[in-house]
Amino acid sequence: MGLVNNAIAVMCLVATGSVAAAAGDSVDHADYLKALRGQYSEGQSYWPPAITTDNIAPVPMQALPQPEKADAGKVALGEALFNDTMLSRDHTVSCATCHAAHLVFADRRRQAVGIDGHVGRRNTPALFGIDLWTSFFWDGRANSAQHQALFPVSDPKEMDLPVAELVKRVNQSEKYASAFAAAYGISEIKSVHLADAIAQFERQIPPPDTRFQQVLQRLPGEPEVAIGMLSDEQLWGLHLFRTKARCMTCHEGALLSDNQFHNTGLSYYGRKFEDLGRYEVTGLASDVGRFRTPSLVAVSHTGPWMHNGLFSSLPGVVNLYNAGGARTKRREAYDNDPLYPETTPLLVKLELTKEERSALVAFLTLL
């Protein structure tokens with residue numbers, strides 16, 4: 001009878017994401033992990049249901065798709081522009097300055113550094129899976145890869161070059177004039193052509209070749225082999241990510257992002273380093289302090305983290321979410337302020353143990 005009760009307890013704990021036995025249960029950690037591995041080795045349809053704060057079932061995890069075949073001439077043009085310092089006022093900065101290929105097309109800086117050493121307000125996102133995003137930038141001010149492409153060119157802290165001046169430069173370049181004529185069949189290069197070429201190149205950036213991408217690629221046909229690529233601690237972290245830690249409330253699908261905007265409590269409202277986020281685009285009070293959910297793919301390679309690069313360690317990020325996000329006490333001066341931001345109710349205290357937090361970090365490093 002004791003063995004039966006123990007087996008039942010193990011499966012209950014697998015379902016809830018907890019390894020801490022309830023009062024009166026005697027569940028061995030090794031038994032728990034064995035049961036966990038057995039269930040996950042059956043394939044995603046057999047995995048324990050994901051737990052989310054809003055009780056909405058998330059999009060299942062899946063590997064990022066490989067880029068579709070594209071026009072080679074346009075891609076080559078886009079790559080040339082992406083790496084060309086001609087796109088900046090003084091010919092010192094290119095797109096690749098902040099999106100370095102060897103750094104998963106990010107820069108590993110807290111905030112982006114542009115022309116004349118100007119430091120921006122926000123962290124540089126990595127580039128991959130371009131067409132899976134429904135908006136671009138932390139505040140979502142662009143709605144397509146083409147729309148996004150030329151924003152950094154005219155930004156005074158990034159490349160500080162009017163787009164009209166860039167158009168003039170490329171039309172005066174014999175190299176670009178002949179290349180655009182061949183690829184686009186045009187005699188005059190316009191900004192729309194520049195944006196399209198850059199986007200064509202960005203679409204060809206392959207997914208990061210991480211351990212978990214390899215797991216997800218093998219998962220549909222070889223689930224046991226795929227899960228066998230994870231250590232016990234990493235598997236436990238995957239399970240916590242999907243259940244007790246509630247990470248899939250916002251991090252789902254191939255991008256491990258819900259493409260939505262949320263307030264984690266880090267807007268610094270009314271203080272130094274204030275950043276109003278999505279509000280700067282929409283003007284809606286409800287958007288103050290909201291930022292786009294970042295992708296967690298290759299997250300261990302894209303730090304520092306958060307919109308402002310505040311965290312330099314993944315354990316620190318996990319601790320923030322374990323606490324339910326940042327929640328500053330409203331000062332009396334803001335009692336009647338309609339713009340005072342509220343941390344999203346999707347973040348709740350998780351009460352993860354030290355061991356659970358370590359397992360979650362072990363899993364995150366695979367992503």
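Shown above is the structure to which this text applies.
Scope of this entry: the structure provided in the associated data block.

Each value, and the rule that gives it
- Residues numbered from 1 in each chain as written.
- Predicted model: local features only at pLDDT ≥ 70, side-chain atom pairs only at ≥ 80, totals over all residues.
- Heavy atoms only, no water.
- Helix = DSSP H or I, 4+ residues; strand = E, 2+ residues; numbered from the N terminus.
- Salt bridge = Lys/Arg side-chain N within 4 Å of Asp/Glu carboxyl O.
- Buried < 20%, exposed > 50% of the residue type's maximum accessible area, 1.4 Å probe, protein only.
- Axes fitted to C-alpha atoms, helices over the stretch in contact; angles between N-to-C directions.
- Parallel < 35°, antiparallel > 145°, perpendicular 65-115°, else oblique.
- Contact = heavy atoms within 4.5 Å.
- Nonpolar A, V, L, I, M, F, W, Y, C, P; charged D, E, K, R; others polar.

1. Here's the deal with unusual backbone geometry
With omega at 0°, the peptide bond leading from Gly-303 into Pro-304 counts as cis. In this fold, Pro-304 is placed in the loop between β2 (291-292) and α14 (314-322). Positive phi values are uncommon outside glycine, yet Asp-160 reaches one of about 55°. Relative to the assigned elements, Asp-160 resides in the loop between α6 (151-154) and α7 (163-172). For Met-306, which is not glycine, the phi torsion reads 85° and is therefore positive.

2. Regarding the pattern of salt bridges
Tallied over the full model, the rule gives 16 salt bridges. Asp-275 is paired through a salt bridge with Arg-122; the nearest N and O atoms lie 2.7 Å apart. Here Arg-122 lies in the loop between α4 (95-98) and α5 (145-149) and Asp-275 lies in the loop between β1 (261-262) and α13 (279-282), a separation of 153 residues in the sequence. The buried category is assigned to Asp-275, whose relative accessible area is 3%.

3. Considering the packing of helix α12 (residues 232-242) against helix α15 (residues 354-364)
Helices that pack against each other are described as a pair by the angle of their axes relative to one another and the distance between those axes. Packing of α12 against α15 brings their axes to within 7 Å, and their N-to-C directions diverge by 100°. By the criterion of interaxial angle, the relationship of α12 to α15 is roughly perpendicular. In this structure, α12 contributes Glu-233, Gln-234, Trp-236, Gly-237, Leu-238, Leu-240 and Phe-241 to the contact, and α15 contributes Glu-355, Glu-356, Ser-358, Ala-359, Leu-360, Ala-362, Phe-363 and Leu-364. Broken down by class, the residue content of the contact of α12 with α15 amounts to nine nonpolar, three polar and three charged.

4. Re the environment of Ala-323
For Ala-323, the position within the fold is in the loop between α14 and α15. By relative accessible area, Ala-323 is classed as partly exposed at 40%. Spatially, the C-alpha atom of Ala-323 lies 46 Å from that of Met-86, the residues being 237 residues apart in sequence.

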